[in-house]
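# An overview of the molecular structure
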Amino acid sequence: MAQSVTDNRLSVNYFQSRESDTRFTEELTKRNIPLEAQFRFLFGYYTQPYGYEEDECWLYYDTDTRQLVARPANQTQRANRPAQWTLRIEGAIIDSLTMLTQVAIESATHQENIGANGTYYLFIAADGSAATTWSPKKGSNCRRLVGLYREVCRAVKNSDPAALESLQPKVDELIKLFRRYYAREWR
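We now turn to the structure provided with this report. (Residues numbered from 1 in each chain as written. Predicted model: local features only at pLDDT ≥ 70, side-chain atom pairs only at ≥ 80, totals over all residues. Heavy atoms only, no water.)

### Quick look at the pairing of strand S7 (residues 130-134)
Of all five residues making up S7, five are buried, and the element is well covered by its neighbours. Burial along S7 is two-sided: Ala130, Thr132 and Trp134 facing one way and Ala131 and Thr133 facing the other are all buried. As paired elements, strand S1 (residues 11-12) and S7 share two bridges and run antiparallel to each other. By the bridge assignment for S7, Val12 is matched with Ala131. Where strand S6 (residues 119-125) lies against S7, five bridges are found, and the strand directions are antiparallel. Of the residues in S7, the one forming a bridge with Tyr121 is Thr133. From the end of S6 to the start of S7, which pair antiparallel, there are four residues, and Gly128 there has a positive phi angle of about 90°. (Buried < 20%, exposed > 50% of the residue type's maximum accessible area, 1.4 Å probe, protein only. Helix = DSSP H or I, 4+ residues; strand = E, 2+ residues; numbered from the N terminus. Pairing = 2+ DSSP bridges.)

### Remarks on the environment of Leu68
Following the sequence through the fold, Leu68 ends up in strand S4 (residues 67-72). For Leu68 and Leu87, which are 19 residues apart along the polypeptide, the C-alpha to C-alpha distance reads 5.2 Å. Non-local contacts of Leu68, meaning those with residues more than four positions away in its chain, are made with Phe41, Leu59, Tyr60, Tyr61, Trp85, Thr86, Leu87, Ile89, Ile94, Val152, Val156 and Leu164. (Contact = heavy atoms within 4.5 Å.)

### Side note on the environment of Glu90
Turning to its location among the elements, Glu90 is positioned in the loop between strand S5 (85-88) and helix H3 (92-106). Judged by relative accessible area, Glu90 falls into the partly exposed class, the value being 44%. Taking the C-alpha atoms as reference points, Glu90 and Tyr61, 29 residues apart in sequence, are found 9.7 Å from one another. Among the polar contacts made by the side chain of Glu90, one reaches the side chain of Arg66 at a distance of 3.3 Å. (Polar contact = N/O pair within 3.5 Å; in protein donor to acceptor, adjacent residues only side chain to side chain.)

### Focus: the pattern of salt bridges
It is possible for side chains bearing opposite charge to pair when their charged atoms get close. Under the criterion given, the structure shown has three salt bridges. The shortest N-O distance in the salt bridge between Lys170 and Glu151 comes to 2.8 Å. Taken together, the residues span a long stretch of sequence, with Lys170 in helix H6 (residues 168-185) and Glu151 in helix H4 (residues 141-157) at a distance of 19 residues. Among the residues examined, Glu151 registers a relative accessible area of 24% and is labelled partly exposed. (Salt bridge = Lys/Arg side-chain N within 4 Å of Asp/Glu carboxyl O.)

See the structure below:
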């Protein structure tokens, strides 16, 4: 069975309205993500009521410190849990993740897939463009994209640059996959 467009492509950022932009800014502020930071990319999520995923994090690449920064989604401090994790890294994998974020956003559709509960995953590129996906279905392109960024979060949490570098083939594959969407539209 074929999946819908919104299963395989991100949706144009619904935070673009004034009310939604305020809500988004509040979410970032609540999670102590500095709005003035120079991001190469940002991956984050926020959960609608009745949902919570323990392993989720907000992830961004800070160009000033040249670090990947992961912050726990739930900022409630627990014993033996850091407020953030960082991994200093540069090079091809960061360039590729930056490109993947941009390509996935550029290929986004204007259709929305909104539900009453679930998880919104947010992607922001260095140019400020953004797109989301809502609780992507198993096997969909958006689910693969979210899964990749979860793996990046785990590599940062574990201070494991080798695990991060090993993701390069997956990143390259997803770049090609998302490029196919907008390449076909602009021929």
